[in-house]
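Observations on the model geometry
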Amino acid sequence: MTVELISVGTEILMGNIVNTNAAYLSAKCAQLGMSVYRETSVGDNKERLEEAIRDGLSRSDIVILTGGLGPTKDDLTKETAAKVAGKKLVTDQASKKRIQDYFQKMNREIADSNWKQADMPEGSIILPNKRGTAPGCIIETADGKRMILMPGPPYEMQGMFEQSVYPYLEKLQPKRFYSKMVKICGIGESMAEKMVSDLIEAQDNPTIAPYCKTGEVHFRVTASADSVEEAKKLVKPIVKELKNRFKENVFTTEEEETLEQVVVKLLKKYGLSLVAAESCTAGMFTARIANVPGASDVLSESFVTYSNKAKRKYLDVSKSTLKKYGAVSEKTAKEMVKGAAIGTDSDVAVAITGFAGPDSDEEHPVGLVYIACYVNEKAQVEEFHFNGDRQRVRELAVENALDLLRRCILSNYAK
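In short, a report on the structure. What you are looking at is a predicted structure, and each value in this text was computed from that prediction instead of being measured.

**Some points on the overall build of the protein**
Broken down by element type, the protein carries 15 helices and 17 strands. Dimensions of the protein, computed from C-alpha atoms along their principal axes, come out at roughly 80 × 55 × 40 Å. In the protein, which comprises 415 residues, the proportion classed as buried is 49%. Within the protein, contacts between residues at least 6 apart in sequence are counted, and of these 67% link residues at least 24 apart. As presented, the protein carries roughly 20600 Å² of accessible surface, and 48% of it is formed by carbon and sulfur atoms. Charged side chains in the protein number 57 positive and 58 negative. The centres of these two groups are separated by 3 Å.

**Here's the deal with the sheet that holds strand E8 (residues 146-150)**
Here six strands make up an open sheet; going across it, the order is E2-E1-E3-E8-E7-E6 and the pairing mixed. Across the chains shown, the open sheet's two edge strands, defined by having one partner strand only, are strand E2 (35-42) and strand E6 (125-127). Taken pair by pair, the neighbouring strands of this sheet meet at an average axis angle of 15°, ignoring direction. Both E6 and strand E7 (residues 136-140) contribute to a ladder of three bridges, which runs antiparallel. Looking at E7, one finds that isoleucine 125 is bridged to isoleucine 138. Packed on one face of the sheet, helix H3 (residues 46-59) meets strand E1 (2-8), E2, strand E3 (62-66) and E8 and runs near 170° to E1. Its contacts with the sheet put helix H6 (residues 154-172) on E3, E6, E7 and E8, and the angle it makes with E8 is roughly 165°.

**Focus on helix H2 (residues 20-31)**
One full turn of an α-helix is made of 3.6 residues, so residues set three or four places apart face in the same direction. Given a rise of 1.5 Å per residue, twelve residues ought to cover 16 Å, and the 17 Å separating the end C-alpha atoms of H2 matches this to within 8%. By the burial criterion, the buried members of H2 are Asn21, Ala22, Tyr24, Leu25, Ser26, Lys28 and Cys29. Residues of H2 that are buried make contact with E1, E2, E3, E8 and H6. A distance of 3.4 Å separates the backbone nitrogen of asparagine 21 from a side-chain oxygen at the start of H2, and that oxygen is part of asparagine 19. One or two positions beyond H2, positive phi appears at glycine 33, with a value near 80°.

**Notes on unusual backbone geometry**
With omega at 15°, the peptide bond leading from asparagine 205 into proline 206 counts as cis. Along the chain, proline 206 turns up in the loop between helix H8 (197-201) and strand E10 (207-213). Residue proline 358 is reached from glycine 357 by a cis peptide bond, and omega for that bond is 5°. Here proline 358 lies in the loop between strand E15 (348-354) and strand E16 (368-375). Phi at lysine 247 takes a positive value of approximately 45°, unusual for a residue other than glycine. Locating lysine 247 in the fold gives a position in the loop between helix H9 (228-246) and strand E12 (250-252). Phi at asparagine 376 takes a positive value of approximately 55°, unusual for a residue other than glycine.

**Digging into the pattern of salt bridges**
Applying the stated criterion to the full structure yields 19 salt bridges. Notably, a salt bridge pairs arginine 146 with glutamate 140, separated by 3.9 Å at the nearest N-O pair. Each of Glu50, Arg54 and Lys83 takes part in a single network of salt bridges with overlapping partners.

**Focus: the side chain of threonine 80**
One can find threonine 80 in helix H4 (residues 77-85). Judged by relative accessible area, threonine 80 falls into the buried class, the value being 0%. Setting aside residues no more than four positions away along its own chain, threonine 80 makes contact with Lys46, Leu49, Glu50 and Ile53.

**Some words on a positive patch on the surface**
Residues Lys324, Lys331, Lys334 and Lys338 make up a contiguous surface patch of positive charge. In terms of residue count, the dominant contributor to the positive patch is helix H14 (residues 330-344) (three residues). Mapping lysine 331 onto the fold places it in helix H14. What makes lysine 331 partly exposed here is its relative accessible area of 38%.

**Considerations on the sheet that holds E16**
In spatial order, the strands read E14-E13-E15-E16-E17; together these five strands make up an open sheet with mixed pairing. Looking at strand neighbours, the two that pair on one side only are strand E14 (299-304) and strand E17 (378-385), the edges of this open sheet. Within the sheet, the average angular offset between the axes of one strand and its neighbour, ignoring direction, is 10°. Here E15 runs beside E16; their pairing, made up of seven bridges, is antiparallel. Bridge pairing links alanine 351 to alanine 372 in E16.

**Quick look at the pairing of E17**
Relative to E17, E16 runs antiparallel, the two sharing eight bridges. Bridge pairing in E17 places tyrosine 374 opposite alanine 379. Linking E16 to E17, which pair antiparallel, is a turn of two residues; within it asparagine 376 sits at a positive phi near 55°.

**So, the packing of aromatic side chains**
Enumeration according to the criterion identifies seven aromatic pairs in this entry. Joined through ring pairs, the aromatic side chains of Tyr24, Phe161 and Tyr166 make up one cluster. Above the face of the tryptophan 115 ring, lysine 96 is positioned so that its terminal group lies 5.3 Å from the ring centre. Between the NZ or CZ atom of arginine 131 and the centre of the ring of tyrosine 155, over which it lies, the distance is 4.2 Å.

Quick notes on the rules
Residues numbered from 1 in each chain as written. Predicted model: local features only at pLDDT ≥ 70, side-chain atom pairs only at ≥ 80, totals over all residues. Heavy atoms only, no water. Helix = DSSP H or I, 4+ residues; strand = E, 2+ residues; numbered from the N terminus. Buried < 20%, exposed > 50% of the residue type's maximum accessible area, 1.4 Å probe, protein only. Contact = heavy atoms within 4.5 Å. Areas by Shrake-Rupley, 256 points an atom, 1.4 Å probe, with all protein chains shown as cover. Lys, Arg positive; Asp, Glu negative; His and termini not counted. Charge placed at Lys NZ, Arg CZ, Asp CG, Glu CD. Pairing = 2+ DSSP bridges. Axes fitted to C-alpha atoms, helices over the stretch in contact; angles between N-to-C directions. Expected span 1.5 Å × (residues − 1). Polar contact = N/O pair within 3.5 Å; in protein donor to acceptor, adjacent residues only side chain to side chain. Salt bridge = Lys/Arg side-chain N within 4 Å of Asp/Glu carboxyl O. Patch = residues over 30% accessible without salt bridge, like charges linked within 9 Å, V, L, I, M, F, W, Y side chains within 5 Å. Phe/Tyr/Trp six-rings, centres within 6.5 Å; stacked < 30°, edge-to-face > 60°. Lys NZ or Arg CZ within 6 Å of the ring centre and 35° of its normal.

Here you go:
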């Protein structure tokens, strides 16, 4: 089945908010085996919205709309969708009661405009909103097309989708779909795709779809069958082949698992404490680790040593090293990581120093970064040359520091 996404709201077109709803819904539709061919953003204008809905229905089986279900006059999605479907709006008493209960629970007065949210297209399937006041709905047209209306706030929309819309869409699919993600790092997108080009060219069922993220490449393997178990059997040998080809570059095959979660899991598994010493990344590496629940079990300390003085004071980097080799050098990175580990009596340490830009010279170009890892009383330093602006260089430095730490732990502790 084909799906078109329409995101409603002038604030999207003005760049006031980032449209995360489209990304979320595209991923969910892919899991369901539905094809999203177009995504449209349209402002709070009745005529343009009506045109977008009619165009969407003319070429897709399902049109999913997010936004424009609120109580204000510029919230026009329900009214416009009802007009396209030839249906009138009627008050849904159950939705009205939920709105009333919501405001009573919040101990807030109900403005008259809020009752507008209980007016729904006649004969539509009501989608309760357990996270807000605006209910959604599904309009099934006479010619077999469907419009699915959900609120714009991502927290509300995602809750409604998981609870009501996903099960509804799943029932429409004659086949069952199963996907598995293979995530790799340490190899660029073009090289990674080249390594599996034969698999991609020969794909049928399952399919292999590559995705590029900062410092990572993800391959989604998806199969369709009469049952989920059959689909899993089709996916399994392809995932095995990808793991055989990329070997230690594969850091997870779990959809939601991140590189920092893998690293924290390894630190916990082997009972290791971690300390970080950061210069150009200024705490970004530590923040990634701290994003993981339970990171306090393994993260002992962190140093942001931006200046040479701080490197000497907290990490015991020698004055002669800084003078002879500079703050951005293999020698300095090694002393930083050893100083952090020994000074805090930690099992594992990571150090990052580099030039993120924009200033540079021929000897020290923007993107030159040294990353060091200290494991089993041994320091390993790697030199990197990243492309991009200041933020991208720092993000790539963190990504590669996490990967280096992962590899060092595995090579020293995994059996």
